[in-house]
Amino acid sequence: MKKKKNRLVMRTVILLVIVAAVGYTIYSSVFSDGGVVNKGDEAPDFEVTTLDGETVRLSDYRGKGVFLNFWATYCPPCKEEMPYMENQYHIFKEKGVEILAINVGEPALTAQKFVVRYGLTFPIPLDEREEIYKAYGVKPIPTTFLIDKDGKVIDRVTKGLSEEEIAEMMARIQP
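A brief report on the enclosed structure follows. Given the structure is predicted, the values throughout are model-derived calculations rather than measurements.

### Topic: the overall build of the chain
Regarding its fold elements, the chain presents five helices and seven strands. Helices and strands in the chain line up, N terminus first, as α-β-β-β-α-β-α-β-α-β-β-α. Taking 2.2 N^0.38 as the reference for a compact globule, 175 residues should give roughly 16 Å; the C-alpha atoms of the chain span a radius of gyration of 22 Å, well beyond that estimate. In terms of its C-alpha atoms, the chain occupies a principal-axis envelope of roughly 85 × 35 × 30 Å. Looking at the chain as a whole, 39% of its 175 residues are labelled buried. By sequence separation, contacts in the chain at least 24 residues apart represent 68% of the contacts at least 6 residues apart. A total of about 10,100 Å² of accessible surface is found on the chain, and carbon and sulfur atoms cover 56% of it. One way to put it: in the chain the 23 positive side-chain charges average out to a point 17 Å from where the 25 negative ones average out.

### Things to note about the pairing of strand β3 (residues 65–71)
A regular strand places its side chains so that they alternate between the two faces of the sheet. With seven of seven residues buried, β3 is to be regarded as a mostly interior element. Going residue by residue along β3, you find Gly65, Phe67, Asn69 and Trp71 tucked away on one face and Val66, Leu68 and Phe70 tucked away on the opposite face as well. Strand direction decides the pairing type here: β3 and strand β4 (residues 97–104), joined by seven bridges, are parallel. Within the sheet, the bridge partner assigned to Val66 lies in β4 and is Glu98. What joins β3 to β4 is helix α2 (residues 76–92), and the crossover it makes is right-handed. Pairing analysis gives five bridges linking β3 to strand β6 (residues 143–147), with the strands arranged antiparallel.

What counts as what
- Residues numbered from 1 in each chain as written.
- Predicted model: local features only at pLDDT ≥ 70, side-chain atom pairs only at ≥ 80, totals over all residues.
- Heavy atoms only, no water.
- Helix = DSSP H or I, 4+ residues; strand = E, 2+ residues; numbered from the N terminus.
- Rg over C-alpha atoms; globule rule 2.2 N^0.38 Å.
- Buried < 20%, exposed > 50% of the residue type's maximum accessible area, 1.4 Å probe, protein only.
- Contact = heavy atoms within 4.5 Å.
- Areas by Shrake-Rupley, 256 points an atom, 1.4 Å probe, with all protein chains shown as cover.
- Lys, Arg positive; Asp, Glu negative; His and termini not counted.
- Charge placed at Lys NZ, Arg CZ, Asp CG, Glu CD.
- Pairing = 2+ DSSP bridges.
- Right-handed = clockwise from strand over helix to strand, strands pointing away.

Next comes the structure, spelled out in structure tokens:
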């Protein structure tokens with residue numbers, strides 16, 4: 001009888017430890033703030049390849065304002081804001097503002113078809129393994145970071161943008 005009771009206690013303790021470990025893992029993955037880049041932070045540098053095969057680093061754009069946008073082809077707000085971004089790119093590029101529109105988690109061919117359909121001319125880096133997306137703590141898509149000429153994040157916007165909002169944001173990061 002005592003052996004059965006000891007065995008029951010031991011099984012219960014092991015089960016509680018497993019439940020606690022699983023619960024902690026779920027909690028920390030859902031509510032973790034690790035890797036989130038916010039207003040006032042230094043923008044983490046990254047190196048990535050664009051659709052054109054060019055390797056770019058965020059630090060290559062020091063001295064310029066950077067409109068860093070995370071997007072995907074399946075995202076309705078992304079489809080709406082991309083033509084606005086293209087329009088403003090032509091206005092602000094000569095004023096020292098660059099767009100890096102990082103496609104998240106999709107094959108190059110999917111992103112390329114979207115770029116051709118919308119006639120986009122700004123750089124489209126590919127984050128197929130979602131490494132930059134995770135490093136910046138991006139949720140949801142689209143998310144846009146405004147980065148000043150010194151590499152400091154001056155704003156983080158987690159919604160689709162109108163053309164007026166994009167123009168205002170680009171003016172804010174103009175060097």
